Amino acid sequence: MSYSVRAAAPGDEQAVFTLIEALARYARLSHEVSGGAAALRAHLFGARPVAEALLAEHDVGGVKEAVGFALFFTNYSTFRTQPGIYLEDLFVVDGHRRRGVGRALLAELIRIAEARGAGRLEWNVLQWNESAIAFYRRLGAEVLPDYRVCRLSFPRAG
């Protein structure tokens, strides 16, 4: 099987959003998904992009099928006084896991981070997702036990 990874481009927003919906189903968070491909297009490719995405594609007889993605954006470390990259989501469709696709997406993101002078690459992982935690540890990632995710969602009630 032939796979490739590339930066998402205008016209890819529906493929990325379809993968976001698949990720939400996998993570048991479909109820959290709102917006759509049009909002994603504006945020990825508009006048002032706020995020970027990588697409993993499977070549099936000359036709490329999106089978995974990584969505990321720049963050900043005050302690390092250095920009970094925050990986919002990494997902590979079930039938294409354990074939190096997730590793290829992360390898490209690491290459981008290093080329941009990032001090680190960070992301969250769901506590129940033991296979993802094991995958990240095999890649050398440190799972930080002392940090918890805090969130305010908007618009706020009341």
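Residues numbered from 1 in each chain as written. Predicted model: local features only at pLDDT ≥ 70, side-chain atom pairs only at ≥ 80, totals over all residues. Heavy atoms only, no water.

K.L.:
I keep staring at the overall build of the protein and nothing clicks. Help me out?
P.N.:
Each helix and strand in the protein was counted, giving 4 helices and 5 strands. N-terminal to C-terminal, the α/β element order of the protein is β-α-α-β-β-β-α-β-α. A compact globule built from 158 residues would reach a C-alpha radius of gyration of about 15 Å, and the protein, at 16 Å, matches this within 12%. In terms of overall dimensions, the protein has C-alpha extents of about 50 × 40 × 30 Å along its principal axes. Considering only residue pairs separated by 6 or more positions, the protein has 56% of its internal contacts joining residues 24 or more positions apart. For the protein, the exposed surface amounts to about 10400 Å²; the carbon and sulfur share of it is 52%. (Helix = DSSP H or I, 4+ residues; strand = E, 2+ residues; numbered from the N terminus. Rg over C-alpha atoms; globule rule 2.2 N^0.38 Å. Contact = heavy atoms within 4.5 Å. Areas by Shrake-Rupley, 256 points an atom, 1.4 Å probe, with all protein chains shown as cover.)

K.L.:
Got a minute to help me understand the sheet that holds strand S2 (residues 52-60) in this structure?
P.N.:
Adjacent strands of a sheet form backbone hydrogen bonds with each other and so pair up, either parallel or antiparallel. Sheet architecture is open: 5 strands sit in the order S1-S2-S3-S4-S5, paired in mixed fashion. The open sheet has two edge strands with one neighbour each: strand S1 (2-7) and strand S5 (121-123). Each adjacent strand pair in this sheet contributes to an overall mean axis angle of 30°, direction not counted. Where strand S4 (residues 82-92) lies against S5, 3 bridges are found, and the strand directions are parallel. Counted as the bridge partner of Leu87 is Trp123 from S5. (Pairing = 2+ DSSP bridges. Axes fitted to C-alpha atoms, helices over the stretch in contact; angles between N-to-C directions.)

K.L.:
So what exactly am I meant to see when it comes to the side chain of His96 here?
P.N.:
Considering the arrangement of structural elements, one finds His96 in the loop between S4 and helix H3 (101-115). The buried category is assigned to His96, whose relative accessible area is 10%. Here the side chain of His96 touches Tyr3 through a polar contact of 2.6 Å, side chain to side chain. (Buried < 20%, exposed > 50% of the residue type's maximum accessible area, 1.4 Å probe, protein only. Polar contact = N/O pair within 3.5 Å; in protein donor to acceptor, adjacent residues only side chain to side chain.)

K.L.:
Would you mind going over helix H1 (residues 13-26) with me for this structure?
P.N.:
In an α-helix, one turn spans 3.6 residues; hence positions three or four apart end up facing the same way. For H1, spanning 14 residues, the distance from its first C-alpha to its last is 20 Å, which sits close to the expected 20 Å at 1.5 Å a residue. Of the positions making up H1, those classed as buried are Glu13, Val16, Phe17, Leu19, Ile20, Ala22, Leu23 and Ala24. On its buried face, H1 is in contact with helix H2 (37-45), S2, strand S3 (63-77) and S4. Count one or two residues on from H1 and you reach Arg28, which has phi positive near 60°. (Expected span 1.5 Å × (residues − 1).)

K.L.:
Help me understand the packing of aromatic side chains in this model?
P.N.:
Geometry of an aromatic ring pair is reported as the spacing of the ring centres plus the angle between the planes. Counted according to the given criterion, the structure contains 5 aromatic pairs. Each ring, one from Trp123 and one from Tyr136, has its centre 5.1 Å from the other, and the planes form 65°; the classification is edge-to-face. One end of the pair, Trp123, is in strand S5; the other, Tyr136, is in helix H4 (residues 130-138), with 13 residues separating them in the sequence. A relative accessible area of 22% means that Trp123 is categorised as partly exposed. Owing to a relative accessible area of 9%, Tyr136 belongs among the buried residues under this scheme. Here the aromatic cluster, defined as three or more aromatic residues joined through ring pairs, consists of Tyr26, Phe91 and Trp128. Of note, Arg97 hangs over the ring of Tyr26, and the distance from its end group to the ring centre comes to 4.5 Å. (Phe/Tyr/Trp six-rings, centres within 6.5 Å; stacked < 30°, edge-to-face > 60°. Lys NZ or Arg CZ within 6 Å of the ring centre and 35° of its normal.)

These figures capture arrangement, not role.
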